[in-house]
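Listed below are the residues making up each chain.
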Amino acid sequence: MPEPVEIFEMGPRDGLQNEKRLIPAAEKIALVDLLSQAGFRRIEVTSFVSPKWVPQMGDAAEVMAGISRVPGVSYAVLTPNMKGYEAARAARASEVAIFASASEGFSKANLNATIAESLERFAPVVAAAARDGIPVRGYVSVVTDCPYDGPTPPANVARVAAALRDLGCYEISLGDTIGQGTPESVDKMLAAVLDELPPAQLAGHFHDTAGRALDNIDASLARGLRVFDAAVGGLGGCPYAPGAKGNVATEKVAAHLAAAGLQTGLDMTVINRAAQMAQSMREGADV
Ligand code: HMG
Ligand code: MG
């Protein structure tokens, strides 16, 4: 039996958040509905963040209201604060995610807060979600390299990952936000994080800016990670990380894992259609 590995689909959120053209909610809904047929267990749909900061995600409530939910699929959203959390709960998000940074420079740019301030803001979100029975995932960004502060010390990643775990996140996704990690820097970072958390509580989130995402996934597999974030069509980028390119493409990761004898359980016909749809959304064509 091939060993299972999960791909957490990021396309509708990380994939589209950086697009300049304001994509109509109907197109985003069509993408999520197609992805719901692909066999994903979790899909990140949108972000309940400030529309002044990320205009593309300003239609989060409309998108969440419009999707056709498939039983067994978890529809995740980003929530940076209580305002975002309340909106996510009203929109019936299956799970929410809080997102911290391993560097002060990126924390300030992405959240207008120090790392400590951001963790303070997340605490009531996690507490409210616990009361409401909504699982919370955590992200740590810039886990190997920061566009503002340079290389990230692995100990800083371990500290923030442990803080998110202590708050109550069920899984921590480790983000190579600008895709500058190498198998060596990823391995060193993971060695530090694994002193704090078991691999079953971690996910790898690699942007493919330098074309090393698959190598970095291999380095993570060797350290025992079995969940990877990816976006159909390789869409994406972070508006507050200059030079950040797309998430590694879901179809690329699934093929790579299959060749290594690992099974994602995804329907590649649907994935390829979704990748095409995502690409044409980026180009502004009719989908
Ligand atoms: P701020 O300006 O310090 O916040 O931003 P504020 O509390 O002063 O509020 C400013 C305005 O935003 C106010 O409106 C608030 O009501 C409103 P005004 O009174 O001026 O009209 N506001 C909100 N509106 C809707 N939903 C909300 C919300 N919160 C405040 N939740 C804030 C602080 C955290 C809000 C801002 O910095 C923000 O929204 N940041 C999010 C940035 C973001 O989404 N980045 C991309 C996602 S992270 C990522 O891509 C990395 C990841 O993929 C992993 C990786 O690759 O590393 C996850
Ligand atoms: Mg990302």
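Here the structure is a predicted model, which is why all the values come from computation and not from measurement. (Residues numbered from 1 in each chain as written. Chains lettered and ligands numbered in written order. Predicted model: local features only at pLDDT ≥ 70, side-chain atom pairs only at ≥ 80, totals over all residues.)

The next subject is the overall build of the protein chain. Across its full length, the protein chain holds eleven helices and twelve strands. Taking 2.2 N^0.38 as the reference for a compact globule, 287 residues should give roughly 19 Å; the C-alpha atoms of the protein chain span a radius of gyration of 17 Å, in line with that estimate. In terms of principal-axis extent, the alpha carbons of the protein chain reach across some 45 × 45 × 35 Å. Counting over 287 residues, the protein chain shows a buried share of 53%. (Helix = DSSP H or I, 4+ residues; strand = E, 2+ residues; numbered from the N terminus. Rg over C-alpha atoms; globule rule 2.2 N^0.38 Å. Buried ≥ 20, exposed ≤ 12 C-beta atoms within 10 Å, placed from the backbone.)

Among the residues of helix α8 (residues 183–193), those classed as buried are Ser 185, Val 186, Met 189, Leu 190 and Val 193. Down the axis of α8, the buried set is contained in an arc of 135°. They therefore lie on one face. Among the exposed residues of α8, those pointing more than 90 degrees away from its buried face are Glu 184 and Ala 191. Lining the buried residues of α8 we find α7 (154–167), β9 (171–176), β10 (202–206) and α9 (213–222). (Arc of directions from axis to C-beta. Contact = placed C-beta atoms within 7 Å.)

Okay, the site of ligand 1 next. Within the structure, ligand 1 sits among 26 residues, and Ser 50, Gly 84, Ser 141, Gly 175 and Thr 177 are positioned closest to it. Looking at the shell around ligand 1, the elements with two or more residues in it are α4 (82–90), α5 (104–111) and β6 (136–141). Each residue belonging to the shell around ligand 1 can be placed in one class, and the counts come to eleven nonpolar, twelve polar and three charged. (Near = placed C-beta within 6 Å. Nonpolar A, V, L, I, M, F, W, Y, C, P; charged D, E, K, R; others polar.)

Moving on, we get to unusual backbone geometry. If you check the backbone angles, Asn 112 has positive phi at about 55° while not being a glycine. Looking at where Asn 112 falls in the secondary structure, it is placed in the loop between α5 and α6 (115–132). Backbone geometry at Val 142 places phi at a positive 45°, although glycine is not the residue there. With respect to the helices, strands and loops of the structure, Val 142 is situated in the loop between β6 and β7 (145–146).

The next subject is the nonpolar core. Counting 89 residues, the largest nonpolar core has Val 140 and Val 157 as the members making the most contacts within it. Beyond its immediate sequence surroundings of up to four residues, Val 157 is in contact with Ala 102, Val 140, Val 143, Thr 152, Leu 174, Met 189, Ala 192 and Val 193. (Core = buried A, V, L, I, M, F, W, Y, C linked by C-beta atoms within 7 Å.)

Extensive coverage of strand β4 (residues 74–78) is indicated by the burial of four of its five residues. Here five bridges tie strand β3 (residues 42–47) to β4, and the two strands are oriented parallel to one another. The residue of β4 that forms the bridge with Glu 44 is Ala 76. In this fold, the crossover linking β3 to β4 by way of helix α3 (residues 60–66) has right-handed handedness. Of the pairings in the sheet, the one linking β4 to strand β5 (residues 95–101) comprises three bridges and is parallel in character. Bridging from a neighbouring strand, Ala 76 pairs with Glu 95 of β5. (Pairing = 2+ DSSP bridges. Right-handed = clockwise from strand over helix to strand, strands pointing away.)

At a closest axis distance of 10 Å, the pairing of α6 and α7 adopts a crossing angle of 20°. One element, α6, and the other, α7, form an angle in the roughly parallel class. In terms of crossing hand, the pair formed by α6 and α7 is right-handed. In this structure, α6 contributes Ile 115, Leu 119, Phe 122, Ala 123 and Val 126 to the contact, and α7 contributes Val 160, Ala 163 and Leu 167. (Axes fitted to C-alpha atoms, helices over the stretch in contact; angles between N-to-C directions. Parallel < 35°, antiparallel > 145°, perpendicular 65-115°, else oblique. Left-handed = near helix turned anticlockwise from the far one by under 90°.)

A word on helix α2 (residues 25–35). When α2 is considered as a whole, its buried residues turn out to be Lys 28, Ile 29, Leu 31, Val 32 and Leu 35. Here the buried residues of α2 occupy an arc of 160° about the axis, which is enough to place them on one side.

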